[in-house]
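A closer look at the structure
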Amino acid sequence: MDADARHRTGDSGAVQDPARLGALRGGCQVSAVTSTARRRVRSVGWHVGALALLAVILYPVVWVIGASFKPGDKIVGSLQLLPTDPITDNYRRLSEGIADIPITSFFYNSLIIAVGSVVGVLFSCSLAAYAFARIRFAGRNLLFSVMIATLLLPFQVLIIPQYVLFQKLELINTFVPLLLGKYLAVDAFFVFLLMQFMRNLPKELDEAARIDGCGHLRIYWNIVLPLCRPALITSAIFSFIWSWNDFIGPLLYLNTQDKYTVSLALKMFIDQDTVADYGGMVAMSLVALAPVLLFFLAFQRYLVEGAATSGLKG
């Protein structure tokens, strides 16, 4: 009985020892405070690093905006972000045109090529992607491998053969060399992007459509194509931006200034025989960004959705 009493007393003393409980609680509190402090330090460090990276990325953009309001002789060699005495002469000269050609002509030419490229890519590449993704035919894997291999082929290798071909067809100084390939599904990147999206669509949709008497064209147009809207818009955005910013293609095939695109018009500000107009060139660069920026902002949510759902599963 004394042993039981001592045992109960010992247990009670071990549980109710205030000094020991205080030490345990104090240690837990110190550990919690230390963990919270570490998380705050990591969070502050992450935000500081992100802001520093953002500043590095935005610095050229802010510099270009500020340089468009500077005189041409104060642009080169100056790292000053904002001008002390801003001017609007650079934009006024743009309204007067370049070499007696209104800048609207350059934008019109670029818009024809960019919109034509988007239409051609969406039409031809979606058809090729549907054939690779939904139709079984002899040599499909071989043709797909050849198509993917073209991604590894440098563009510079094709410049001379393509130029000779279009010269013999008397298509130089026209928009045809810049648009013809878009309607022949030669952009393997877009074919692959759309094909990966179509492969993830349920095959039961095709089977149900065939039971209702639909052929491949009907299935492609009424079933597959509407479901591929995110991938189609992603392809349209990339195609528009790449065609709008293209410099080598128009430089090779366009000879007269009235057919120049915006990218070639920027080159006209730098003349070896006269003083280069850097102010007008910077202002033109900012104006040229407006269509691309508006096009991107209008469809950016589809760009993220299309990129997230294409190419992840095969």
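Values in this document were obtained by computation on a predicted structure and should not be read as measured data.

As for unusual backbone geometry
Even without glycine at this site, D100 takes up a positive phi of about 65°. Inspection of the secondary structure puts D100 in the loop between helix 3 (89–96) and helix 4 (103–134). Residue classification places D100 among the exposed positions, given a relative accessible area of 79%. Located in the positive-phi region is N173, a residue other than glycine, with phi close to 70°. Within the secondary structure, N173 sits in the loop between helix 6 (155–168) and helix 7 (176–179).

Details of the pattern of salt bridges
Side chains that differ in charge, positive against negative, can pair when their charged atoms come close. Taken as a whole, this structure holds 5 salt bridges when the rule is applied. The closest approach of N and O atoms between E96 and R92, which form a salt bridge, is 3.0 Å. Here E96 and its partner R92 are both found in helix 3, 4 residues apart, which amounts to about one turn of the helix. The salt bridge involving D187 is made with K182; its shortest N-O contact spans 3.6 Å. The network of salt bridges with common partners includes D89, R92 and E96.

What about a positive patch on the surface?
On the surface, a cluster of positive charge is contributed by R38, R39, R40 and R42. Looking at the element boundaries, R42 is found in helix 2 (residues 18–67). For R42, a relative accessible area of 56% translates into the label exposed.

What counts and what doesn't
- Residues numbered from 1 in each chain as written.
- Predicted model: local features only at pLDDT ≥ 70, side-chain atom pairs only at ≥ 80, totals over all residues.
- Heavy atoms only, no water.
- Helix = DSSP H or I, 4+ residues; strand = E, 2+ residues; numbered from the N terminus.
- Buried < 20%, exposed > 50% of the residue type's maximum accessible area, 1.4 Å probe, protein only.
- Salt bridge = Lys/Arg side-chain N within 4 Å of Asp/Glu carboxyl O.
- Patch = residues over 30% accessible without salt bridge, like charges linked within 9 Å, V, L, I, M, F, W, Y side chains within 5 Å.
- Areas by Shrake-Rupley, 256 points an atom, 1.4 Å probe, with all protein chains shown as cover.
- Lys, Arg positive; Asp, Glu negative; His and termini not counted.
- Charge placed at Lys NZ, Arg CZ, Asp CG, Glu CD.

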